[in-house]
Each structure stands twice: as C-alpha cells, then as structure tokens.
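Breakdown of the fold
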Amino acid sequence: QEWLVNVHVSLGNEMFPVEIKVLSALRVAGVIHRGAYNRLGSSFEMLSGLVANQSLEKYSEGLIAVCYDDPGVVAESELRAIAGIVVKEDTPANLLEEDTILPGGDYAVMRVSGSYANLPRAYEELLGVWLRQSGREKRKDAPSFERYLNTPMDTKVEDLQTDIYLPLECSVVRSM
C-alpha cells in the first residue's frame, strides 16, 4: 500500500534535501525506548528478536523510530521513542508492547545518506534552518519520525538511507 499521497514541492540544500509530502496515517507497532536517541540501536535489536520470534515479518512495511521529545529541551534520560515497524492496515492489534497511529498530514521529509551519526546534524538543519526559512510551523500534536530505507545489517554505512519526517501545520485547506 502506498502511504505517500502527494508530493508538493522540493526544497532544501544538496547535503540534506527536503520535500513536503502529504501522508496518510501510519500504524506503528514496536517497543518503547527511554533515553538517548543515539542509543535506539539496542531497542531495535530487541524489536528484531521479537519480530523474528513471533514471525511478524509478514506485517512489516519497514523500520521506523518515532521520537516524541526534543533532546534540546527534555533531559536525555527522559527522552521517549518507539523502535518499531510500520504495519499493514489489516495487521492484528497489539502485536508488540506499543501500537500507535501516526496522524496523516503535511510532513517535511529530509533524506539523510550515510552514517546515523549524521542524523543530529540533519535535525539541526531541518529544525534550525529549513523550518525557519520555509515559513511553515511544526505540528505540536504529532511526533517526528525516521524511516530506515535500509539497515547496517545488509548495507555499508556510507550507503545507508534514512528519511526524517517532521510534521507540519497544514498550510492550505483541502477539499474532500
């Protein structure tokens, strides 16, 4: 199932290109992570074991990290996230400890290539530069998230691809 509804415009710079996309709601099943976002790897390892042990691969549409807090505001030990998988609509409820729906709507999507160590700098660019210059506002009722297009399990670090999704306030009224 296609979760991208429409692409409006491409913005950004060469290193961190940004597109505005309108997404349908996404269902995520995963494990709760507390603490530094750069330590999500251990939660993904736990998730991987659960998915394999419960034969949940058939429901997965890819890996996702849902990040609820701003690390510049919230203490590192209090940061909340989900290490999860995007699941298909017909997936049974409560497969894992966390089952949530991410709202649809406008998102700024930044493609980050290479090491996950590039992600903090990408967030600085997206939130500190792009958002301010775009004239758009971050939605306060929806978390940011990362979709992993590949993983270090089968890809060289320099070839990793991650999309960061920043929820935006809707800029236009859409007709039904």
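Scroll up to find the structure this text is about.
Residues numbered from 1 in each chain as written. Predicted model: local features only at pLDDT ≥ 70, side-chain atom pairs only at ≥ 80, totals over all residues. Heavy atoms only, no water.

Brief notes about the pairing of strand β2 (residues 17–23)
Note the cut-off: Each residue's exposure class comes from its accessible area (1.4 Å probe, protein chains only) as a fraction of the maximum for that residue type: buried when under 20%, exposed when over 50%, partly exposed otherwise. Secondary structure elements are defined from DSSP: runs of H or I of at least 4 residues count as helices, runs of E of at least 2 residues count as strands, and each element is numbered from the N terminus. When DSSP finds two or more bridges between a pair of strands, those strands are recorded as paired.
By the criterion of burial, β2 is predominantly enclosed, with 5 of the 7 residues buried. Taken together, the 6 bridges between β2 and strand β7 (residues 105–113) define a ladder with antiparallel strand orientation. Bridge assignment links E19 to a residue of β7, and that residue is V109.

Examining helix α1 (residues 40–53)
Under the convention used in this document: To estimate the expected span of a helix, count its residues, drop one, and scale the result by 1.5 Å. Directions are taken from the helix axis to each C-beta atom, and the arc is the one they span. Contacts are residue-level and defined by heavy atoms, with any inter-residue pair within 4.5 Å sufficient.
Between its first and last C-alpha, α1 extends 20 Å over 14 residues, near the 20 Å set by a 1.5 Å rise per residue. Of all the positions in α1, only L40, S43, F44, L47 and V51 are classed as buried. One face of α1 carries all of its buried residues, which in axial projection span an arc of 100°. Exposed residues lying more than 90 degrees from the buried face of α1 are E45 and N53. At its buried positions, α1 is contacted by β3 (26–34), β4 (60–67), β5 (80–87) and β8 (144–148). In the segment just after α1, S55 is the residue with positive phi, at about 50°.

Considering the nonpolar core
Defined as follows: To qualify as a nonpolar core, a set must consist of buried Ala, Val, Leu, Ile, Met, Phe, Trp, Tyr and Cys residues joined through side-chain atoms within 4.5 Å.
One finds A108, M110, L126, W130 and I164 to be the most contacted residues of the largest nonpolar core, which totals 34 residues. Taken together, the elements giving at least two residues each to this core come down to β2, β3, α1, β4, β5, β7, α2 (119–134) and β9 (161–167). The leading source of residues in this core is α2, at 6 residues. Each residue touching M110, except ones within four places of it in the same chain, is listed here: F16, P17, V18, A122, E125, L126, T162, D163 and I164. Among the nonpolar cores identified, the runner-up in size contains 13 residues, and I64, L102, Y107 and F145 belong to it.

Description of the packing of aromatic side chains
Applied cut-off: The aromatic pairing rule takes the rings of Phe, Tyr and Trp, using the six-membered ring of Trp, and pairs them if the centres are within 6.5 Å, calling planes under 30 degrees apart stacked, those over 60 edge-to-face and the rest tilted.
In the structure shown here, the tally under the stated rule is 5 aromatic pairs. Between F145 and Y165, the aromatic rings sit 4.5 Å apart at their centres with planes inclined by 10°, giving stacked as the arrangement. Residue F145 is located in strand β8, and its partner Y165 is located in strand β9; the two are separated by 20 residues in the primary sequence. Judged on exposure class, the residue F145 and its partner Y165 are both buried. An aromatic cluster of three or more residues is present, and its members are F44, Y116 and Y148.

Thoughts on the pattern of salt bridges
Any two side chains of opposite charge can pair, given that their charged atoms come close. Quick note on the threshold: Each reported salt bridge corresponds to a side-chain nitrogen of Lys or Arg within 4 Å of a carboxyl oxygen of Asp or Glu.
Summed over all chains, the structure comprises 7 salt bridges. Of the charged contacts, one joins R80 and D69 as a salt bridge, the two residues approaching to 2.8 Å between their closest N and O atoms. Taken together, the residues R80 in strand β5 and D69 in the loop between β4 and β5 connect sequence positions 11 residues apart. With relative accessibility at 36%, the residue R80 sits in the partly exposed group. Across the pair R136 and D106 runs a salt bridge, and its minimum N-O distance is 2.8 Å. Taken together, the residues span a long stretch of sequence, with R136 in the loop between α2 and β8 and D106 in strand β7 at a distance of 30 residues. The same class applies to R136 and to D106, which are both buried.

Overview of the environment of G105
Topologically, G105 is positioned in strand β7. The class of G105 is buried, set by a relative accessible area of 16%. Once you skip the residues sitting within four places of it in the chain, G105 turns out to touch K21, V22, L23 and R139.

Overview of the side chain of D163
Here is the rule we go by: Polar contact is defined as a pair of N or O atoms within 3.5 Å, subject to the rule that within protein one atom must be able to donate a hydrogen and the other to accept it, and that residues adjacent in sequence are counted only when both atoms are side-chain atoms.
By the secondary structure assignment, D163 is in strand β9. Only 2.4 Å separates the side chain of D163 from the side chain of R111, close enough to count as a polar contact.

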